[in-house]
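# Descriptive analysis of the structure
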Amino acid sequence: DSGVTQTPKHLITATGQRVTLRCSPRSGDLSVYWYQQSLDQGLQFLIQYYNGEERAKGNILERFSAQQFPDLHSELNLSSLELGDSALYFCASARSNYGYTFGSGTRLTVV
Amino acid sequence: GQNIDQPTEMTATEGAIVQINCTYQTSGFNGLFWYQQHAGEAPTFLSYNVLDGLEEKGRFSSFLSRSKGYSYLLLKELQMKDSASYLCAVWITGGGNKLTFGTGTQLKVEL
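Residues numbered from 1 in each chain as written. Chains lettered and ligands numbered in written order. Predicted model: local features only at pLDDT ≥ 70, side-chain atom pairs only at ≥ 80, totals over all residues. Heavy atoms only, no water.

In this complex, chain A contributes 20 residues to the contact, which on the side of chain B involves 19 residues. Taking both sides of the interface into account, the surface hidden between chain A and chain B amounts to around 1500 Å²; carbon and sulfur atoms contribute 59%. Linking chain A with chain B are zero salt bridges, by the criterion used here. Here chain A and chain B share four residue pairs in polar contact (both at pLDDT 80 or more) between them. A per-element tally of the side of chain A that touches chain B places strand S4 (residues 31-37) of chain A first, with three residues. Looking at side-chain class alone, the side of chain A that touches chain B contains ten nonpolar, eight polar and two charged residues. (Contact = heavy atoms within 4.5 Å. Buried area = accessible area lost by both parts, 1.4 Å probe. Salt bridge = Lys/Arg side-chain N within 4 Å of Asp/Glu carboxyl O. Polar contact = N/O pair within 3.5 Å; in protein donor to acceptor, adjacent residues only side chain to side chain. Helix = DSSP H or I, 4+ residues; strand = E, 2+ residues; numbered from the N terminus. Nonpolar A, V, L, I, M, F, W, Y, C, P; charged D, E, K, R; others polar.)

Below, the discussion takes up the sheet that holds strand S1 (residues 3-5) of chain B. All names here are of chain B. Pairing is antiparallel in the open sheet, where five strands are placed in the order S1-S3-S8-S7-S6. In this open sheet, the two edge strands, each paired with only one partner strand, are S1 and strand S6 (53-57). With strand direction ignored, the average angle separating the axes of adjacent strands in the sheet is 15°. One ladder, built from six bridges, connects strand S3 (residues 18-25) with strand S8 (residues 70-75); its direction is antiparallel. Bridge assignment links Thr23 to a residue of S8, and that residue is Tyr70. (Pairing = 2+ DSSP bridges. Axes fitted to C-alpha atoms, helices over the stretch in contact; angles between N-to-C directions.)

Once that is clear, we can look at the side chain of B:Ser71. All names here are of chain B. Relative to the elements of secondary structure, Ser71 occurs in strand S8. In terms of polar contacts, Ser71 uses its side chain to reach the side chain of Trp34, at 3.0 Å. From its side chain, Ser71 meets the backbone oxygen of Phe63 in a polar contact 2.7 Å long. Dropping the residues within four chain positions of it, Ser71 is found in contact with Ile20, Asn21, Cys22, Leu32, Trp34, Phe63 and Leu64.

Residue and element names in this part refer to chain A. Residue Thr7 is joined to Pro8 through a cis peptide bond whose omega torsion reads -10°. Locating Pro8 in the fold gives a position in the loop between strand S1 (5-7) and strand S2 (10-13). At Asn51, a residue that is not glycine, the phi angle is positive and equals roughly 50°. Residue position: Asn51 is located in the loop between strand S5 (44-50) and strand S6 (53-57).

All names here are of chain B. One finds Leu32, Trp34, Leu73, Leu75, Leu78, Tyr86 and Leu107 to be the most contacted residues of the largest nonpolar core, which totals 21 residues. Those elements that provide at least two residues to this core are S3, strand S4 (29-37), strand S7 (60-65), S8, strand S9 (84-92) and strand S11 (105-110). Looking at this core, the element that brings in the most residues is S9, giving five residues. For Leu32, the contacting residues outside a window of four places in its chain are Cys22, Tyr24, Ser47, Tyr48, Asn49, Leu64, Ser71, Cys88, Ala89 and Val90. (Core = buried A, V, L, I, M, F, W, Y, C linked by side-chain atoms within 4.5 Å. Buried < 20%, exposed > 50% of the residue type's maximum accessible area, 1.4 Å probe, protein only.)

Moving on, we come to the sheet that holds S1(A). All names here are of chain A. One open sheet holds the four strands; their spatial order is S1-S3-S8-S7, and the pairing between them is antiparallel. Since the sheet does not close on itself, it has two edges, and those belong to S1 and strand S7 (64-68), each with one partner. On average, each strand axis in the sheet is inclined to that of its neighbour by 15°, with strand direction left out of account. Note: S1 against strand S3 (residues 19-24), three bridges, orientation antiparallel. When the sheet's bridge partners are listed, Thr5 is paired in S3 with Ser24.

None of the figures reported here should be taken as evidence of function without further support.
And the structure:
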């Protein structure tokens, strides 16, 4: 157990729908990062939050949004889902400049 | 922009040594990480280099040359369980601190 908790582990939904992925960071970590990993693709950075504030934005679609709450958990909202959004979504947390600890990921399948 | 290159695939024999190379061109460099990722699972931390030179940790070693924008991961006494994807990632500072990942090297260990 890495200490970073992601739910749900698996999600199957239809095109056009909206889903919310949840992440609880490791205790003491203020930064939360979201990444998307499509089949045979590398980890693509989506967005970073630090202590409730957005810090960096990557290749995140306008249909996607995220937030970090006062208790530091974060949610990634994906709307108007398309088949191409099917991927593994990872959350990671960090305390300093020593890399991340990843959650186990959410596998999203859009049908 | 950021550019990280590593070979797509490598094959090696159980008990042998393999070296996985990574070259990068980035701004705001603040360290290089190697992660291991088994299919469908979360990446797990292997090593971190911020200064030039070799860092050794058991069967795994990682080398960094900042002037050349080059790193390698050395795996000794290969085991079947080492079959996985190995991700090179650069820690970027400025505009939010984050890891930028290469697309990964899929290592297959054969008998």
